[in-house]
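# Notes for the structure review
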Amino acid sequence: QVQLQESGGGLVQPGGSLRLSCVASGIIFSVHFMGWYRQAPGKERELVAAMTEGGGTAYADSVKSRFTITRDKAKNTVYLQLNSLRPEDTAVYYCRTIHENYWGRGTQVTFST
């Protein structure tokens, strides 16, 4: 059974950082096109970062230069490093195998004011 599980979310300070993790079972991330998405209350889910099978990356303009997607093949884990966090980054963050449409259940990132 394929399962994806996100972790690492939490309450962050202005300009703070978090590292989100997505650990998979039943699937090897290195042979899949991976994405990190987020969804804020009342808004549509949006793609914020992606990594191709070969390790190439792409980012939404809103997070470019602040977020970084990485992969650890040995741990079968994909990460999203969130830096310089802003209030508008508050959302539930999900990982996904884009072509196969396997989703994790999400991890909450909340900005503290």
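Above this text you will find the structure in question.
A few points on the structure. (Residues numbered from 1 in each chain as written. Predicted model: local features only at pLDDT ≥ 70, side-chain atom pairs only at ≥ 80, totals over all residues. Heavy atoms only, no water.)

## A closer look at the side chain of Ser 112
Let me state the cut-off plainly: Only DSSP runs of H or I reaching four residues or more are called helices, and only runs of E reaching two or more are called strands; each is numbered from the N terminus. Pairs of residues are marked as contacts when any of their non-hydrogen atoms sit within 4.5 Å.
In this fold, Ser 112 is placed in the segment after β11 (107-111). Excluding anything up to four places from it in sequence, Ser 112 contacts Leu 11, Val 12, Gln 13 and Pro 14.

## Overview of the nonpolar core
Rule in force here: By convention a nonpolar core is built from buried Ala, Val, Leu, Ile, Met, Phe, Trp, Tyr and Cys residues, the set being connected through side-chain atoms within 4.5 Å. For the exposure calls, accessible area comes from a 1.4 Å probe over protein chains only, and a residue counts as buried if that area is under 20% of its type's maximum, exposed if over 50%, partly exposed in between.
One finds Leu 4, Phe 29, Trp 36, Leu 80, Leu 82 and Tyr 93 to be the most contacted residues of the largest nonpolar core, which totals 27 residues. Residue assignment for this core shows that the elements contributing at least two residues are β3 (18-25), β4 (34-39), β5 (46-51), β7 (67-72), β8 (77-82), β9 (91-97) and β11. With four residues, the single largest contributor to this core is β3. Not counting residues within four places of it along the chain, the set of residues in contact with Phe 29 comprises Leu 4, Cys 22, Val 23, Ala 24, Met 34, Arg 71, Asn 76, Thr 77, Val 78 and Thr 97.

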